[in-house]
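Residues per chain, in single letters:
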Amino acid sequence: MGAPITLYVDSQFLSPYAMSVYVALAEKQLPFEVRPIDLNAGEQRMQPYQCRALTARVPALTHEDFNLTESSVITEYLEEVFPAPQHAALYPQAIRPRARARQLQAWLRSDLAALRQERPTETVFYGAAGEPLSDAGHAALAKLVRVASYLIPVGQTTLFDTWSIADLDLAVMLKRLALDDLPDPLRAYADAQWQRPSVQKWLEHNAAARD
């Protein structure tokens, strides 16, 4: 399918969910156009964006005449429309590892609210130091470390035999704790994801948005 793809992202390139879809498209080496949406100006609630983004959020994807929001749903759509081996896989091919990747994506988006609040994405991309974590923040940190340490094999830099989009999503959450007490193996795992060319392309957009 050679139809144009448009990805709508926040104009500051700060959304970890927009980043996830951007990386997915880059990993699959699909040609796509990026269109920034000014969230501070409320552009996500204006037309014509609301016609394209049913939930008035970023990211949103337009492919042919189809519009879709919610990042993990978008990456699953891309995996089905542009499958391996013609395009790089975003998820493990085996059923159980694939389910585990989806479980991790769902969990990272629905839990750990204290970390997202106390260590916002400015911490990830700008290295901004926050206040000491609250009790709820420490509890969320401990839960994240426990789950990540269980899932990441010792000495590996991917969750499964090969990279998946869940690796990027987990790395972003771990990067929120770059200035906190994060175990060295988890820090090395997150740093390894940051070196992927697809991630570096997003970081270039983020840096340009600050200039």
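The model shown is predicted, which means the values in this text are computed figures rather than measured ones.

Trainee: Help me get a handle on the pairing of strand S2 (residues 33–37), residues and values and all.
Mentor: Taken together, the 5 bridges between strand S1 (residues 5–10) and S2 define a ladder with parallel strand orientation. Bridged to Tyr8 within S2 is Arg35. Handedness of the S1-helix H1 (residues 16–27)-S2 crossover: right-handed.

Trainee: I'd like a description of the UniProt feature "domain: GST N-terminal" (unreviewed entry) in the chain, backed by residues and values.
Mentor: Under the UniProt annotation, "domain: GST N-terminal" (unreviewed entry) lies at residues 5–86. End C-alpha atoms of residues 5–86 are separated by 17 Å, and the span's content is 33% helix alongside 23% strand.

Trainee: Report on empty space enclosed by the protein, specifying residues and quantitative values.
Mentor: Where empty space is left in the structure can be found by rolling a water-sized probe over the atoms. Under the counting rule described, the total for this entry stands at 1 cavity of 30 Å³ or more. Taken as a whole, the largest cavity encloses approximately 100 Å³ of empty space. In this structure, the largest cavity is lined by Pro16, Tyr17, Ser20, Leu108, Arg109, Arg116, Asp169, Val172, Met173 and Arg176. When contributions to the lining of the largest cavity are tallied by element, the ones reaching two or more residues are H1, helix H4 (95–110) and helix H8 (165–175).

Trainee: Before we move on, can you summarise the nonpolar core with the specific residues and values?
Mentor: The nonpolar side chains of a soluble globular protein tend to be buried with one another. Leu78, Leu144, Leu170 and Trp194 are the most contacted members of the largest nonpolar core, which has 59 residues in total. Per-element accounting of this core gives the leading share, 8 residues, to H8. Those residues in contact with Trp194, other than ones at most four positions away along the chain, are Met19, Val124, Phe125, Leu168, Ala171, Val172, Lys175, Val199, Gln200 and Leu203. The next biggest cluster of nonpolar side chains, apart from the first, holds 6 residues, and it includes Tyr8, Ile37, Val58 and Ala60.

Conventions we followed
- Residues numbered from 1 in each chain as written.
- Predicted model: local features only at pLDDT ≥ 70, side-chain atom pairs only at ≥ 80, totals over all residues.
- Heavy atoms only, no water.
- Pairing = 2+ DSSP bridges.
- Helix = DSSP H or I, 4+ residues; strand = E, 2+ residues; numbered from the N terminus.
- Right-handed = clockwise from strand over helix to strand, strands pointing away.
- UniProt positions renumbered as here; feature names shortened; annotations may be inferred.
- 1 Å grid on protein atoms, 1.4 Å probe; cavity = no way out; pocket = protein on both sides within 12 Å on 5 of 7 lines; lining within 4 Å.
- Points joined across faces, edges and corners; volume = space filled by probe spheres on them.
- Core = buried A, V, L, I, M, F, W, Y, C linked by side-chain atoms within 4.5 Å.
- Buried < 20%, exposed > 50% of the residue type's maximum accessible area, 1.4 Å probe, protein only.
- Contact = heavy atoms within 4.5 Å.

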